[in-house]
Amino acid sequence: MQKNTSTLLQTYLQYQGSPFSDPGFSAPELQLSSLPPAAVSFKTWHALDDGERLGHAQGAFLALTQHLQLVGDDQRDLNPGSPILLAQLGAARLRAQGLLGNMAAIMTALGLPIHPEEDTLGVVAFGASAFERKCRGYVVTREYGHWTDRAVRDLALLKAKYPG
Amino acid sequence: MALFSAFQTTFLLALLSLKTYQSEVLSEPLSLAPESLEVSIDSARQCLHLQWSVHNLAYHQELKMVFQIEISRIKTSNVIWVENYSTTVKRNQVLRWSWESKLPLECAKHSVRMRGAVDDAQVPELRFWSNWTSWEEVDVQSSLGHDPLFVFPKDKLVEEGSNVTICYVSRSHQNNISCYLEGVRMHGEQLDPNVCVFHLKNVPFVRETGTNIYCKADQGDLIKGIVLFVSKVFEEPKDFSCETRDLKTLNCTWAPGSDAGLLTQLSQSYTLFESFSGKKTLCKHKSWCNWQVSPDSQEMYNFTLTAENYLRKRSVHLLFNLTHRVHPMAPFNVFVKNVSATNATMTWKVHSIGNYSTLLCQIELYGEGKVIQKQNVSVKVNGKHLMKKLEPSTEYAAQVRCANANHFWKWSEWTRRNFTTAEAAPSEAPDVWRNMKSVQGHCVVTLFWKPLSKLQANGKILFYNVVLENLDRPSTLKLLSIPAPANGTELTLDQCSYQIHVTANNSVGTSPASVIAVSGDPGNKEVEEERVKGTEDGFCLSWKPQPGGVTGYVVEWCERPGDPLCDLQWKNLGPNTTSTVVSSDAFRPGVRYNFRIYGISTERIPYLLEKKTGYSQELVPSDNPQVLMSNLTSYSFTLSWKDYAAESQPGFVQGYSLYLKSKAARCLPGSEKAVLSDDSICCKYKIDNPKQKTFVVENLQPASFYEFFLTPYTSVGEGPQGAFTKVTTPDEYSHILIRIILPMIFSILLIMILCYLKSQWMKEKCYPDIPDPYKSSVLSLIKSKENPRLTIMNVKDCIPDAIEVINKQEGTRKSLTETEPTKPTYLYLLPTEKSHSGPGPCICFENFTYNQAASDSVSCGHVPVTPKAQPSQLGLLTSSENGPKALGKNYVNSLGEIPAGETNLNYVSQLASPMCGDKSSLPTNPPEPALCSEYKTQMAIPMGLASPPSITLLDEGEHDH
């Protein structure tokens, strides 16, 4: 899944034109207010308890599934002749939903409260210009990768705590 | 002064009041000024929409007015646009006017004001400008939000090659902003400290998904951009055309222009408008549209096809008369009737295209895939056409199509029908040939004929009739009917001459007869065979013309020469022909074909003229001969390959190549060097005569190893590479030696046998017995003469040997010379009375080494005896064991140095007679007794080295008695 997120980001950037497709393109400060960033200091992350950690991840993936759907729609409009990209975006959304299901099961097993599914996108999503939509897609695919990495760490820590 | 002041004040007041009056007077037209001016913006189209009204118009009054509109940018003094807009104004009517800005409206603050004037001839007195409205400010920037950077215009759609103005609005003063078009930095002009404008000229089409333009701050990740959708120039439709097939519906078609290049942003629409009827239809398809013809018999149509997208509108026009654009439907009810062997009639019907119109129909007749007849016929409703000159029993296809005869527009589709003509009697006689052979006094004639071609047969051949006419008895006729598809028959005839008539028959009739005659003489006279060279195109055969009396020639050959069926072929040629090319797909490379050329006499009797043989393509020989070697000598051997079948090779064998490998570097005369396929070098003899089947390899070296290999060659090359046969020539002298040695051995054996048989004689001659003096007759002679002086020496007469033993003091070393004064002690081995006889006949000799061999030769019984030795046989034998030791010591020590403490044996020999023991010579002169003046000591060699003394003693003993 981690490898797929990296591939998705590369594919996504490749189809957006300059500057996105320029080699080494990176804009870490670009963020979306509707999508929580995955970046967190190690100390903060470590200080979280299991419930908080899983809660953050679950919230993020809830947002990510909606954002990936949005990016898929955007790209169907902007890049209708790119079935590879559209397929990868669709697959990423399904993976995010799968992970979300797994996390919900874990949280239920641990007796933790589960975030209710809410509309994180709101009504602002449709007014964006083409370039903004490209940027939005970049942030979503990038954060999808970061959140996947973080979720892997979360679950690894959980596994260490509850072996077997 | 005060008065002056008061006057001045009064004047000013009067002036002021006048001004006020004037303004009141002038304010009357002010009521026609534009009022309620509102400005709205359309960011996507970069348009300012103005709307206003003129209130002070009389009810129902309608005036022409002109409005002057001023647009300023950034500040009101910077007027960038002034336009006079004329229109008719009604009371309280909302007037609208739009202006498209080159610069995105977000890039700068715009202000608009306007004034109006009546421009109507009805009220010329009001032709003056009203006051300006107040500036209406349009400031989009203030509503942008708080983002640090904006780029405008967003998602703009332009055509390729147009000019676009772009700007960014930055809220941050610290950061430098750079802007890029697809990665290439753009340079713009600063509109104000926060706004920079870029003018893009002649923008290119980059990709379907648009061109990215973005700006970013030098520091941080701040990046903002737009996508500029650049479409290709929208082209007008091409090849716009309309036609009708049934005068009810018009079908209009066109080729749309090239794609705009954008995937989703630009959709095209096509509209068809007919100006005479004023009807309009929106086309559902991109390249065609149907139009219902109005029932009111409208003849003329003027169409306008409009293609439109977001950016551009394109139109094409077409004006035509409906009857000139008729594309008739395909003819129907098409039939071919009354089909005979040579004629057929075609009928058809057409769809009417109007009451008075005529159709032009085209008929095409196809035979074997080609157009053989073409005809045009005018038709109203029913069409009819007679097709002549057809071939019997042949398949044809006839097709018809029609077009408007008065105003040709397009042909209809073809309507096609197939038919077959009836049969007729065969037109040509079959091509007949014969093969003759004589079997048991009968003439067996095999007749062959070729099937008639389709054109000649005129139908299906059912049988062949063969009529035999006996020329000797002309009244006798014999008829044979052979069913098709036979292509020959065998007839057994007597030796009489016959004329044979062959005809082919189909269901309608009989063909002309083919006549061939056979005579008692088969005519196969012996003719020498000539060789002919074939090519890819076949065999070119030529023959000598026959002087008169020839009605034609026939060339005959077998296509499968090795096959018993042979597949006989023949070719008929005219009487004036003397050459022909025989070609066939059946000819194979490497197969020998034999051709016979016959002349046909006036009596239709064929007679053999020439024979030819050849290959269509010669190949290299398929196998090599089995070579037998004979007559092997030291210098030559003979090869023969008489069994080799050169005739069955896939080419004419022109000769043979003999390869000879030897160790000799040079090739022998008659041969030349050749390199084999395995790069080995050998000598090659070329045998040019293909009939030569033996070859003598000469000038070889005796006792040498040779290898040879023989292969035939044709004009193409040599036979397959085979194994070399090894041969070694015999030695030059061996046979000579055998001739000499064998007789020699034989003669030696003969001599030996002779010698054996005559051995007694040989013995007497070669080695007679040595006479014993005692048995000699001489002895009796002596005795008879009583000569006392003549005696035979007796061994006993010899003085025996004496051994001198010398005792030496231990530790003293004395040389032999020093020992001389010492008196020797003599040990007398043999007690002899004669020892005291004093000086006797003796010969003294001096020898430092005593050799047993010498003693043997002398055989005088001088026996070296060790001091311990007893005068017995046994003692001598025993003493021999110490021999080698003593010998070694004696050889080590010099003669003059005798080790101290050793006892040496000095041998003193006293020979009675020097002749003693010499049996070969008779003692003719007995030795005179001489004084033995001196006797020297002798050093004895121990017995071990000497011959066994026992033998010596025995010998001596023997001689004793």
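Residues numbered from 1 in each chain as written. Chains lettered and ligands numbered in written order. Predicted model: local features only at pLDDT ≥ 70, side-chain atom pairs only at ≥ 80, totals over all residues. Heavy atoms only, no water.

Participant: Report on the interface of chain B and chain A, specifying residues and quantitative values.
Facilitator: Between chain B and chain A, the residue contacts involve 19 residues of the former and 22 residues of the latter. Both faces considered, chain B and chain A share a buried interface measuring about 1500 Å² in area, 56% of it formed by carbon and sulfur atoms. Interface area lost by chain B to chain A is led by Asn212, Asp221 and Ile223 of chain B, which between them contribute 36%. Ionic pairing is found between Glu132 of chain A and Lys154 of chain B, a salt bridge with its closest N-O pair at 3.3 Å. Joining chain B to chain A, the criterion identifies six residue pairs in polar contact (both at pLDDT 80 or more). (Contact = heavy atoms within 4.5 Å. Buried area = accessible area lost by both parts, 1.4 Å probe. Salt bridge = Lys/Arg side-chain N within 4 Å of Asp/Glu carboxyl O. Polar contact = N/O pair within 3.5 Å; in protein donor to acceptor, adjacent residues only side chain to side chain.)

Participant: So, the UniProt feature "transmembrane region" (unreviewed entry) in chain B: which residues are in play, and what are the values?
Facilitator: In the UniProt entry, the feature "transmembrane region" (unreviewed entry) is given for residues 736-757 of chain B. Annotated as residues 736-757 of chain B, this span is 100% helix and 0% strand, and its ends, taken at the C-alpha atoms, are 32 Å apart. (UniProt positions renumbered as here; feature names shortened; annotations may be inferred. Helix = DSSP H or I, 4+ residues; strand = E, 2+ residues; numbered from the N terminus.)

Participant: Tell me about the sheet that holds strand 41 (residues 568-573) of chain B, residues and numbers included.
Facilitator: Residue and element names in this part refer to chain B. Overall, mixed pairing links the seven strands, which are arranged 41-40-43-44-38-39-42 in an open sheet. Looking at strand neighbours, the two that pair on one side only are strand 41 and strand 42 (579-582), the edges of this open sheet. For this sheet the average axis-to-axis angle between neighbouring strands, irrespective of direction, equals 30°. Note: strand 43 (residues 592-601) against strand 44 (residues 606-615), nine bridges, orientation antiparallel. (Pairing = 2+ DSSP bridges. Axes fitted to C-alpha atoms, helices over the stretch in contact; angles between N-to-C directions.)

Participant: Go over the pattern of salt bridges, please, and point to the residues and values.
Facilitator: Considering all chains together, one arrives at 25 salt bridges over all chains under this definition. Residue Arg133 of chain A is joined to Asp77 of chain A by a salt bridge in which the shortest nitrogen-to-oxygen separation is 3.0 Å. Taken together, the positions of Arg133 of chain A in helix 5 (residues 130-161) and Asp77 of chain A in helix 3 (residues 50-78) put the pair 56 residues apart, joining distant regions of the chain. Here Arg133 of chain A falls in the buried class, since its relative accessible area comes to 15%. Asp567 of chain B serves as the salt-bridge partner of Arg560 of chain B, at 3.6 Å between the closest nitrogen and oxygen. The class for Arg560 of chain B is partly exposed, based on a relative accessible area of 39%. Looking at Asp567 of chain B, the relative accessible area reads 25%, which means it is partly exposed. What you see here is one network of salt bridges that share partners, running through Asp74, Asp77, Arg133 and Arg136 of chain A. (Buried < 20%, exposed > 50% of the residue type's maximum accessible area, 1.4 Å probe, protein only.)

Participant: Run through the packing of helix 1 (residues 2-14) of chain A against helix 5 of chain A, naming residues and quoting values.
Facilitator: Residues and elements named next belong to chain A. Where helix 1 meets helix 5, the closest approach of the two axes is 9 Å, and the angle between their N-to-C directions is 170°. On the basis of the axis angle, helix 1 is roughly antiparallel to helix 5. The handedness of the crossing between helix 1 and helix 5 is left-handed. The residues of helix 5 that touch helix 1, namely those facing Gln2, Thr5, Leu8, Leu9, Tyr12 and Leu13, are Arg133, Lys134, Gly137, Tyr138, Thr141, Arg142, Tyr144, Gly145, Thr148, Asp149 and Val152. Counted by class, the contact of helix 1 with helix 5 contains seven nonpolar, six polar and four charged residues. (Parallel < 35°, antiparallel > 145°, perpendicular 65-115°, else oblique. Left-handed = near helix turned anticlockwise from the far one by under 90°. Nonpolar A, V, L, I, M, F, W, Y, C, P; charged D, E, K, R; others polar.)

Participant: How would you summarise the environment of Phe419 of chain B if you had to cite specific residues and measurements?
Facilitator: Residue and element names in this part refer to chain B. The topology assignment puts Phe419 in strand 30 (residues 415-420). According to the relative accessible area criterion, Phe419 is buried, its value standing at 7%. Between the alpha carbons of Phe419 and Ala397 there is a distance of 6.2 Å; along the sequence they are 22 residues apart. For Phe419, the residues in contact, after removing those within four places along its chain, are Val336, Val339, Ala344, Leu365, Met387, Leu390, Thr394, Glu395, Tyr396 and Ala398.

Participant: Could you give an account of the packing of aromatic side chains, naming the residues involved and the relevant values?
Facilitator: Residues and elements named next belong to chain B. Taken as a whole and assessed by the stated rule, the structure comprises 36 aromatic pairs over all chains. Both rings, one in Trp81 and one in Trp99, keep their centres 6.0 Å apart while their planes meet at 50°; by these two values the pair is tilted. You can see Trp81 sitting in strand 4 (residues 79-90) and its partner Trp99 sitting in strand 5 (residues 94-100), a full 18 residues away along the chain. Taken together, the ring pairs in this structure connect Phe539, Trp557, Phe587, Tyr593 and Phe595 into an aromatic cluster. Its end group placed over the ring of Phe150, Lys224 keeps NZ or CZ at 5.7 Å from the ring centre. Here the basic side chain of Lys232 rests over the ring of Phe205, its NZ or CZ set 4.9 Å away from the ring centre. (Phe/Tyr/Trp six-rings, centres within 6.5 Å; stacked < 30°, edge-to-face > 60°. Lys NZ or Arg CZ within 6 Å of the ring centre and 35° of its normal.)

Participant: Describe the sheet that holds strand 30 of chain B, listing the residues and the values that go with them.
Facilitator: All names here are of chain B. An order of 27-26-29-30 is seen for the four strands of this open sheet, with the pairing classed as antiparallel. A single partner strand is all that each edge strand has here, and the edge strands are strand 27 (370-379) and strand 30. Going across the sheet, the axis of each strand differs from the next one's by a mean of 20°, ignoring polarity. When strand 26 (residues 359-367) meets strand 27, the two strands line up antiparallel, connected through nine bridges. If you follow Gly367 over to strand 27, its bridge partner there is Lys370.

Participant: Before we move on, could you go through unusual backbone geometry and cite the residues and values that matter?
Facilitator: Residue and element names in this part refer to chain B. For the peptide bond that leads from Phe152 to Pro153, omega is 0°, which places it in the cis range. If you trace the backbone, Pro153 turns up in the loop between strand 8 (149-152) and strand 9 (157-159). One non-glycine residue with positive phi stands out, namely Ser36, at about 55°. Tracing the backbone through its elements, the reader meets Ser36 in strand 1 (residues 35-42). The class of Ser36 is partly exposed, set by a relative accessible area of 44%. Positive phi outside glycine occurs at Asn202, with the angle close to 55°. Structurally, Asn202 can be placed in the loop between strand 14 (195-200) and strand 15 (211-217).

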